[in-house]
Amino acid sequence: MTTSRSRRWFARAQQILPGGVDSPVRAFKAVGATPLFIRRAEGARLEDVDGNRYIDYVMSWGPLIHGHAPRGLVKALAAAARLGTSYGAPSPLEVELGERVRRRVPSIERVRFVSSGTEATMSAVRVARAATTREKIIKFAGCYHGHADAFLVQAGSGALTLGVPTSPGVTSGAAQDTLLASYNDIASVHRAFDANRREVAALIVEPIAGNMGVVPPADGFLRALRQVCDANGALLIFDEVISGFRASPGGAQALAGVKPDMTCLGKIIGGGLPVGAYGGRADLMDLVSPAGPVYQAGTLSGNPLAMTAGIWCLDHLTPKLYGTLAALGSRLAAGLAGAAREARVALQVNALGSILTPFFTDRPVRDYLSATSANTEQYARFFRAMLARGVYPPPSQFEAWFLSAAHTVKDVDSTIAAAREAMREIRS
Ligand code: KE4
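Just so it is clear, the model here is predicted, and its values are computed rather than measured.

A short note on the packing of aromatic side chains
Going through the model one piece at a time under the given rule, you end up with twelve aromatic pairs. On the basis of an interplanar angle of 50 degrees and a centroid distance of 6.0 Å, the ring pair of F28 and Y392 is categorised as tilted. With F28 in the loop between α1 (4-13) and β1 (38-42) and Y392 in strand β15 (residues 391-392), this residue pair connects regions lying 364 residues apart in the sequence. Each member of the aromatic cluster is reached from another via a ring pair, and the members are Y57, F360, Y379, F382 and W401.

Right under this line is the structure:
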């Protein structure tokens, strides 16, 4: 299997794109390999510029629950494009998609479409700060909400969980209003609230964490977050950019039976086109301009192509599909665990529905600390061994593997067979 054309494209790309990519994780730095440049994709398959084909478990990081380029979606987009690619004016499509979102996620009484998950989360926090006239937010170590300054923060020194920037260019001013808590540790949330009484506008959380690898919420954790926010007059924001319409037809909030004040969406509601959305209680969302004073805008917000894609994707999500995806997910999870056991490699597989992460550690993974106990070098070797066998996992230990309607039992069984060989190969 040659990847010479990808290498040439990567060398050329690095002359114009920082790091040769348009998003860092794609550069394969965490897995010590050269990124593959993709020529086309269809169903569950990627094809790189050298003609190599792979079973894809990145699936564009979550949007492609129906697989790459579903025929019906491509047809709908082609028709939409003939009617114009952007109007910069309202269209019925935004209303149609907004009503579909509300039917499936009733906590979203009003919704605003934007063009990325980052725009959605940063705008939701702005609304929360305006509604409460408070400035601080609480987030969890290991949860990722996009690259707005307020989120590029890690636990600083001292027990008070004060945030410090994780990136140059983020000012201490932007970071100081972000407090850190530990996922699945409600006591850490109480500590953050108690140390900042009546100062916390909102707590934002991935209700099923996907960005430290998949870490499901412990029983009762999300309900406890609802209670502690209510007790402190803070708003609860669910960042469902990954879990929205992925975990269940109503997202993670439907599974947990917990109603957030606001929800952020992305990925699946755009079917691979640039979309994000934030929404929630009408009294909060009616603060957003031009209904209210909280400013937020976007040239391509509600774009007709993206709305068309979102409508098609939601309309083709059936209860049966979730059952099929969950069965595939658990088959793959069990297969990876079995492959590791056979090779005597320490592995913990966290799985929920159609997302999962194999962690190379012998510790159960339930938060950022235990996730980072994973052997990332071993994951990198596993990644390279799988790529060589025609399987394309996420190029980082701390990401979710995504299944889609296009993946078959045969794909999963081939992946497991490849994993059995790869595990033997990497056994340290
Ligand atoms: P975007 O701005 O990348 O559309 O969305 C940010 C975001 C917000 N919230 C959650 C829960 C997310 O997972 C994301 C983005 N996810 C990453 C993958 N873990 C996108 C991939 C990338 O950064 O290239």
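Considerations on the pairing of strand β8 (residues 178-181)
Across the two faces of β8 the burial is the same, with T178 and L180 and L179 and A181 all buried. As defined by bridge partners, strand β5 (residues 136-140) adjoins β8 across four bridges and the pair is classed as parallel. In the sheet register, I137 faces β8, and the bridge partner there is T178.

So, the sheet that holds strand β13 (residues 348-352)
Read from one edge to the other, the open sheet built from three strands follows the order β13-β14-β16, with strand pairing classed as antiparallel. Each having just a single partner strand, β13 and β16 (401-402) make up the two edges of the open sheet. Sheet topology places β13 next to strand β14 (residues 355-359); five bridges connect them, and they run antiparallel. Bridge pairing links N350 to T357 in β14. Together, β13, β14 and β16 form the strand contacts of helix α11 (residues 319-343), whose direction differs from that of β14 by roughly 10 degrees.

Section: the nonpolar core
Of all hydrophobic cores here, the largest spans 38 residues; its most connected members are F382 and M423. Listed by contribution, the elements that provide at least two residues to this core are β3 (53-56), α11, α13 (376-387), β15 and α14 (409-426). Setting aside chain neighbours within four positions, we find M423 in contact with L336, A339, A340, A343, V345, L347, F360 and F382. The next biggest cluster of nonpolar side chains, apart from the first, holds 28 residues, and it includes F140, V200, L222 and C229.

Description of the domain arrangement of the protein chain
What the domain assignment lists for the protein chain is domain 1 (4-69 + 318-427) and domain 2 (71-315). Opposite the 26 residues of domain 1 that make contact, domain 2 presents 29 residues. Taken together, both faces of the contact between domain 1 and domain 2 bury some 2,300 Å²; the carbon and sulfur share is 63%. Looking at the side of domain 1 facing domain 2, the largest losses of area belong to Y322, L352 and R366, adding up to 25% of the total buried there.

Re the sheet that holds strand β10 (residues 235-239)
Judged by pairing direction, the sheet is mixed, and its seven strands sit side by side in the order β4-β12-β11-β10-β9-β5-β8 without closing on themselves. Both edges of this open sheet fall to β4 (110-114) and β8, since each of them pairs with a single strand only. Across the sheet, the mean angle separating the axes of adjacent strands is 20 degrees when strand polarity is ignored. Sheet topology places strand β9 (residues 200-205) next to β10; four bridges connect them, and they run parallel. Within β10, the residue paired with V205 across the bridge is F238. Across the sheet, helix α7 (residues 221-231) is in contact with β5, β9 and β10; its angle to β10 comes to roughly 145 degrees.

What to know about the packing of helix α6 (residues 186-194) against α7
Here α6 crosses α7 at 15 degrees, and the two axes come no closer than 10 Å. Taken together, the axes of α6 and α7 lie roughly parallel to each other. Seen along the crossing, α6 lies across α7 with a hand that is right-handed. Side by side, α6 and α7 meet where I186, V189, H190 and F193 of the first sit next to F221, A224, L225, V228 and C229 of the second. In terms of residue class, the contact of α6 with α7 is built from eight nonpolar, one polar and no charged.

Cut-off values and rules
- The numbers attached to residues start from 1 for each chain and follow its sequence in the written order.
- Reporting of local features is limited, given that this is a predicted model, to residues whose pLDDT is at least 70; pairs of side-chain atoms are given and counted only at 80 or more, and all residues count toward the totals for whole chains, interfaces and linings.
- Computation of side-chain values: all heavy atoms of the structure, hydrogens and water removed.
- Ring geometry is summarised as follows: Phe, Tyr and Trp rings, the Trp one being its six-membered ring, pair when their centres sit within 6.5 Å, and such pairs are stacked at plane angles under 30 degrees, edge-to-face over 60 and tilted between the two.
- Counting from the N terminus, the helices are the DSSP runs of H or I reaching at least four residues and the strands are the DSSP runs of E reaching at least two.
- Here's how the labels work: a residue is buried when its accessible area is under 20% of the maximum for its type, exposed when over 50%, partly exposed in between, all with a 1.4 Å probe on protein chains only.
- The criterion for strand pairing is that DSSP finds at least two bridges linking the strands in question.
- Whether two residues are in contact is decided by their heavy atoms: any pair within 4.5 Å suffices.
- With axes taken as lines fitted to C-alpha atoms, and helix axes fitted only over the stretch in contact, angles between N-to-C directions fall between 0 and 180 degrees.
- Here, nonpolar core refers to any group of buried Ala, Val, Leu, Ile, Met, Phe, Trp, Tyr and Cys residues whose side-chain atoms link them within 4.5 Å.
- Domain delimitation in this document rests on an assignment produced automatically or drawn from a domain database.
- Summed over both partners, buried area is the accessible surface (1.4 Å probe) that two parts give up on being assembled.
- Our angle categories are set so that under 35 degrees counts as roughly parallel, over 145 as roughly antiparallel, 65 to 115 as roughly perpendicular, and the remainder as oblique.
- Left-handed describes a crossing whose near helix is turned anticlockwise from the far helix through less than a right angle; right-handed describes the clockwise counterpart.
- Residues are grouped as follows: nonpolar covers Ala, Val, Leu, Ile, Met, Phe, Trp, Tyr, Cys and Pro; charged covers Asp, Glu, Lys and Arg; every other residue, Gly included, is treated as polar.

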